[in-house]
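Reading the structure
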Amino acid sequence: SRRGRVRVAPRKRSRNKATILLLSTLVVMLVLVVGGIAVKVINSESTPEADVREYVQLIADGKYDAASKLVDPGANSYQRRLLSDKAYSGVKGAVKVNSITVQERNSSTVNVHVSLQVKDKYANQTLQVKLDESDWLVHNWKIVTPLVTHLAITPEDEFFKSYKIGSVVVDSSLEADGKFNYLVYPGVYNVEVQSAN
C-alpha cells in the first residue's frame, strides 16, 4: 500500500503541473491578445491629423503656452515673447479652423494642410508631422513645423517708444533698428502705444 501511495502522488503533481502550465499559457496568450488590441486602438486614435487639430485648437483658444510646449516655435526667447498666454487678446472665436487635410504621406512623414480664418482673413499653412521612430510599438507623431507668423511694427521716425500687446510690453530701445518683429500665432492682437519719445 505504501508503494501505491507513492505512485499516485507523482501523477497528481504532474496533472497539477500540466494544468498550471496550460492556465499560464492561456493567461499569457490572453494578455498578448488584449495588449495587441489596445496598441491597435491607441495607434488608430493617434494620427497626424488628430495631433495637428489639437495643436491648432490650442492656438485658436489662445492657449499659447500649451501650444509652445506641444510644438517648439523654433525661435530664441526674445523673438517668442508674444508666443505666450499674456499676449492673447481674449477675443473669443477670432480664429476658426476651416479644414485640416493630409496632402502627402509616407511611412514616417506626413504633410498636413491647415486652413484657418482669422476674423475676415484666410490663412493657409502646411505643417510637417514626423513619426517618432524611437518607439516601435506605439505610433507617436511629432509636429515639426510651428504654426507661427511674424508681427512687424515699423514706427515712423521712431516716435513711439514702446507698445503693449495683450499684457506684454515691447520696447523699441531693445530693437537694433527701432523696428519690432516678433513671432506670433495666428490671431487678433490688441496693440496699444505704451509710451512715446
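What comes next concerns the included structure. (Residues numbered from 1 in each chain as written. Predicted model: local features only at pLDDT ≥ 70, side-chain atom pairs only at ≥ 80, totals over all residues. Heavy atoms only, no water.)

1. Quick notes on the overall build of the protein chain
Along its length, the protein chain carries three helices and nine strands. If you list the helices and strands of the protein chain from N to C, you get α-α-α-β-β-β-β-β-β-β-β-β. Counting the 197 residues in the protein chain, one finds 33% classified as buried. With the model as given, the accessible surface of the protein chain reaches about 12,900 Å², and the carbon-plus-sulfur share is 54%. (Helix = DSSP H or I, 4+ residues; strand = E, 2+ residues; numbered from the N terminus. Buried < 20%, exposed > 50% of the residue type's maximum accessible area, 1.4 Å probe, protein only. Areas by Shrake-Rupley, 256 points an atom, 1.4 Å probe, with all protein chains shown as cover.)

2. Quick word on unusual backbone geometry
Located in the positive-phi region is Lys119, a residue other than glycine, with phi close to 55 degrees. Positionally, Lys119 belongs in the loop between strand 2 (109-118) and strand 3 (121-131).

3. Quick word on the pattern of salt bridges
Per the counting criterion, the structure on display carries two salt bridges. Between Glu49 and Arg105 there is a salt bridge, with its nearest N and O atoms 3.3 Å apart. In this pair, Glu49 sits in helix 2 (residues 48-60) while Arg105 sits in strand 1 (residues 95-105), placing the two residues 56 residues apart along the sequence. Take Glu49: its relative accessible area is 26%, and that puts it in the partly exposed class. (Salt bridge = Lys/Arg side-chain N within 4 Å of Asp/Glu carboxyl O.)

4. Some thoughts on the packing of aromatic side chains
One pair of aromatic rings is described through two measures. These are the centre distance and the angle between the planes. Counted under the stated rule, the structure contains three aromatic pairs. Measuring from centroid to centroid gives 5.3 Å for Tyr64 and Tyr185, while their planes differ by 40 degrees, and the two rings are tilted. Of this pair, Tyr64 sits in helix 3 (residues 64-70) while Tyr185 sits in the loop between strand 8 (180-184) and strand 9 (191-196); the two residues are 121 residues apart in sequence, bridging distant segments of the chain. By the burial criterion, Tyr64 is buried, and Tyr185 matches it. Through pairs of rings, three or more aromatic residues link up here, namely Tyr64, Tyr88, Tyr185 and Tyr189. (Phe/Tyr/Trp six-rings, centres within 6.5 Å; stacked < 30°, edge-to-face > 60°.)

5. Some words on a nonpolar patch on the surface
On the surface, a cluster of nonpolar side chains totalling about 410 Å² of accessible area is made up of Leu22, Leu23, Leu26 and Met29. Its place among the elements puts Met29 in helix 1 (residues 2-45). By relative accessible area, Met29 is classed as partly exposed at 49%. (Patch = residues over 30% accessible without salt bridge, like charges linked within 9 Å, V, L, I, M, F, W, Y side chains within 5 Å.)

6. Observations regarding the pairing of strand 7 (residues 168-171)
Residues Val168 and Val170 of strand 7 are buried on one face, while the alternating residues Val169 and Asp171, pointing to the opposite face, are not. As paired elements, strand 6 (residues 160-165) and strand 7 share four bridges and run antiparallel to each other. Along strand 7, the bridge assignment pairs Tyr163 with Val170. (Pairing = 2+ DSSP bridges.)

7. With respect to the nonpolar core
Counting residues in hydrophobic clusters, the biggest one holds 40 residues, and the most contacted among them are Val52, Tyr55, Leu82 and Tyr185. Broken down by element, this core gets its largest block of residues, six residues, from helix 2. Once you skip the residues sitting within four places of it in the chain, Tyr55 turns out to touch Ala67, Leu70, Val71, Leu127, Ile143, Pro146, Leu147 and Tyr185. (Core = buried A, V, L, I, M, F, W, Y, C linked by side-chain atoms within 4.5 Å. Contact = heavy atoms within 4.5 Å.)

8. Some words on the sheet that holds strand 4 (residues 141-143)
Taken in spatial order, the four strands line up as 1-2-3-4 in an open sheet, and their pairing is antiparallel. Of all strands in the sheet, those bounded by a partner on one side alone are strand 1 and strand 4. Adjacent strand axes in the sheet meet at a mean angle of 30 degrees when their direction is disregarded. Pairing between strand 1 and strand 2: nine bridges, direction antiparallel. (Axes fitted to C-alpha atoms, helices over the stretch in contact; angles between N-to-C directions.)

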